[in-house]
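Results of the structural survey
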Amino acid sequence: MSTEHDNPYDLLGTDHDEGHRWAFGTGFTDPLEGVDTSVPAALDAGALARYCLALGDDALIYSHRLQQWVARMPELEEETAVANIALDLLGQARMLLARAGGILGRTEDQLAFFRAETDFRNVRLTEHEDRDFAELAGRLLIFSAWRLALFQELSAATDPVLAAIAAKGVNELTYHRDYAAQWVVRLGDGTALSHERMQTALEALWPLVGELFRPDADALAAVEPGMVDAVLDTVLTAAGLDRPDAAPLAAVGGRAGRDGVHTEAMGYILAELQSVARAYPDATW
Amino acid sequence: MVTAMTTAYDIAAGTPDPELPMVTVADLGILRAVDETAAGVVVTITPTYSGCPAMREISADVRQRLERAGFAPVTVRTRLAPAWSSDWITGEGQRKLAAAGIAPPSPAPRRNGPVPLTLGPRPAPSCPRCGSPRTRRTAEFGATACKSLHRCDHCGEPFEAVKPL
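Residues numbered from 1 in each chain as written. Chains lettered and ligands numbered in written order. Predicted model: local features only at pLDDT ≥ 70, side-chain atom pairs only at ≥ 80, totals over all residues.

**Regarding the overall build of chain B**
- The helix and strand tally for chain B stands at 4 helices and 7 strands.
- N-terminal to C-terminal, the α/β element order of chain B is α-α-β-β-α-β-α-β-β-β-β.
- Summarising its shape, the C-alpha atoms of chain B cover approximately 55 × 40 × 25 Å along the three principal directions.
- Across the 165 residues in chain B, those meeting the buried criterion constitute 44%.
- Here the contacts in chain B between residues at least 6 apart in sequence split such that 53% fall between residues at least 24 apart. (Helix = DSSP H or I, 4+ residues; strand = E, 2+ residues; numbered from the N terminus. Buried ≥ 20, exposed ≤ 12 C-beta atoms within 10 Å, placed from the backbone. Contact = placed C-beta atoms within 7 Å.)

**What about the nonpolar core?**
- Counting residues in each nonpolar core, the largest one holds 120 residues, and the members touching the most others are Ala137 and Val184 of chain A.
- With 15 residues, the top contributor of residues to this core is helix α5 (residues 133-154) of chain A.
- Each of two domains, domain 1 (8-78) and domain 2 (90-108 + 121-162) of chain B, supplies a minimum of three residues to this core.
- Sequence-distant contacts of Val184 of chain A, defined by excluding residues within four places in its chain, comprise Ala137, Gly138, Leu141, Met198, Val235 and Ala239 of chain A. (Core = buried A, V, L, I, M, F, W, Y, C linked by C-beta atoms within 7 Å. Domains from an automatic or database assignment.)

**Digging into the environment of Gln94 of chain B**
All names here are of chain B.
- Within the fold, Gln94 resides in helix α4 (residues 91-99).
- Residue classification places Gln94 among the partly exposed positions, given that 18 C-beta atoms sit within 10 Å.
- Separated by 11 residues in the primary sequence, Gln94 and Pro105 have C-alpha atoms spaced 8.0 Å apart.
- Once you skip the residues sitting within four places of it in the chain, Gln94 turns out to touch Ile89 and Pro104.

**Focus: the packing of helix α6 (residues 160-188) of chain A against helix α8 (residues 225-239) of chain A**
All names here are of chain A.
- Across the interface, α6 lies against α8 with an axial gap of 8 Å and an inter-helix angle of 30°. One finds that α6 runs roughly parallel with respect to α8. Crossing angle aside, the handedness with which α6 passes α8 is right-handed. Of α8, the residues touching α6 (which contributes Ala181, Val184, Val185 and Gly188) are Val235, Ala238 and Ala239.
- Looking at the contact of α6 with α8 residue by residue, the classes come out as 6 nonpolar, 1 polar and no charged. (Axes fitted to C-alpha atoms, helices over the stretch in contact; angles between N-to-C directions. Parallel < 35°, antiparallel > 145°, perpendicular 65-115°, else oblique. Left-handed = near helix turned anticlockwise from the far one by under 90°. Nonpolar A, V, L, I, M, F, W, Y, C, P; charged D, E, K, R; others polar.)

**Some remarks on the environment of Ala83 of chain A**
- Tracing the chain through its elements places Ala83 of chain A in helix α3 (residues 76-104).
- Along the primary structure Ala83 of chain A and Gln67 of chain A are separated by 16 residues, whereas in three dimensions their C-alpha atoms are 6.4 Å apart.

**A few points about α6 of chain A**
- Here α6 of chain A is 29 residues long and its end C-alpha atoms lie 41 Å apart, about the 42 Å a rise of 1.5 Å per residue gives.
- At Val170 of chain A, α6 of chain A shows its largest bend, some 30°. (Expected span 1.5 Å × (residues − 1). Bend = angle between axes of the 7 residues up to and from the residue.)

**Here's the deal with the sheet that holds strand β2 (residues 40-45) of chain B**
All names here are of chain B.
- Strand order in the open sheet formed by 3 strands is β1-β2-β3, and the pairing between neighbours is mixed. The two strands at the open ends of the sheet, each matched to only one other strand, are β1 (31-37) and β3 (74-78). If you compare each strand with its neighbour and ignore which way they point, the axes differ by 15° on average.
- The sheet contact formed by β1 and β2 spans 6 bridges and is antiparallel. Opposite Thr37, over in β2, you have Gly40 as the bridge partner.
- Relative to β3, helix α3 (residues 55-68) is tilted by about 155°, and along the sheet it contacts β2 and β3. (Pairing = 2+ DSSP bridges.)

**Some words on the environment of Glu57 of chain B**
- With respect to the helices and strands, the residue Glu57 of chain B is situated in helix α3.
- Along the backbone, Glu57 of chain B and Tyr9 of chain B are 48 residues apart, and their C-alpha atoms lie at a distance of 18 Å.

**Observations regarding the interface of chain B and chain A**
- Contacts between the two partners involve 29 residues from chain B and, on the opposite side, 42 residues from chain A.
- Those elements that place two or more of their residues in the side of chain B that touches chain A are α3, β3 and β5 (135-139) of chain B.
- In terms of residue count, the dominant contributor to the side of chain B that touches chain A is α3 of chain B (5 residues).
- Of the residues that constitute the side of chain B that touches chain A, the class distribution is 17 nonpolar, 7 polar and 5 charged.

**A short note on α5 of chain A**
- The terminal C-alpha atoms of α5 of chain A, which comprises 22 residues, lie 31 Å apart, in line with the 32 Å expected from a rise of 1.5 Å per residue.
- In terms of burial, α5 of chain A is largely enclosed, as 20 of its 22 residues are buried.

**A closer look at the sheet that holds strand β7 (residues 158-162) of chain B**
Residue and element names in this part refer to chain B.
- Taken in spatial order, the 4 strands line up as β4-β7-β6-β5 in an open sheet, and their pairing is mixed. Two strands lie at the open edges of the sheet, namely β4 (102-103) and β5, each paired on one side alone.
- With 2 bridges joining them, β4 and β7 adopt parallel strand pairing. Across the sheet, Ile102 pairs through a bridge with Glu160, a residue of β7.

As structure tokens, this is what we get:
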């Protein structure tokens, strides 16, 4: 037994006993270890990397936003729900960033922690700061309804790795969407106050919806707005809520989240997400 | 001690799951293949959920068990497709889960076309303690990604269930 450690934290980041660790969930290995990551000859590898980065950034940034809710939820059951949803999305982000990084010659950590704001490709919906639980439920409904429809299409993508990640994600997103939809109905069809706040939340979120359907030259699948609208309308009708008629948040010189143009909130997210890795670039966990 | 009849598969298959130690990785359907080649043993595992934090531990556990049994070198690979389904939990795995007070999953939905929205309650699992079908879901998401929380209206006990996926 080494006597060099006078601090238990020193031991958390290292292996003991043939590859085992004391703390569960530390010591990350490549989530695509052993997976055939060769890029099919018919595909443009650069475009595939950019697209996986975009989908990975959506999950990474939104997962971080959901993690910020942990320890602030009204009930323990909602706490575990949001933590589990954030964990699913973080898992999707890791595989997608690893897919992109394998092509770009960078690790998932380098992509997550050492890129500038203008290099992040997430849609602006994912960086929105929820002001109350109604916005959390509404945003999760919009995001998961869109991502579920997109991942269903991507399950047949020409890149087998992306197709596998998407097919796995579909199962998880189905639970996320149902959870959000049931809360939107409960709040919309609840008291006068909960109805009013759920409607206000939708009005605040709706300008961020249009961007989800902007054309993307790198995309390996596309979702028609009508496919997502049908789901949202079903939920809004059951909830007795009105579909907002808000104009989409404008692009800046034709550029939006996918082009690295973000809202003011993004800088604060990255400051929190990246600060430890940047302060201690040699740290392991 | 390794006997002539003990295969690498038997050794790997006996690895308990780190989060559900009453069942093995083979019971759960996480262990997909064990190939004994001239260049060593190649183990293929698949994650249950994308963010499953136990994959690294499972990989280390399987490798350690095989190495202690004399197999080397051991390579552990991840397989993503087809995506894991709770239908892959074996009958033996379901019995062990139920015996530990965790309701086994109902059959996973088989879908063609868009995934239908579920606004009402899902079918409730029977209580693994008293067998009553009168149970209610208290949370769709539990202590691990693969479980939900329930309460039995008959015996009053709370219990976990493995979610159909």
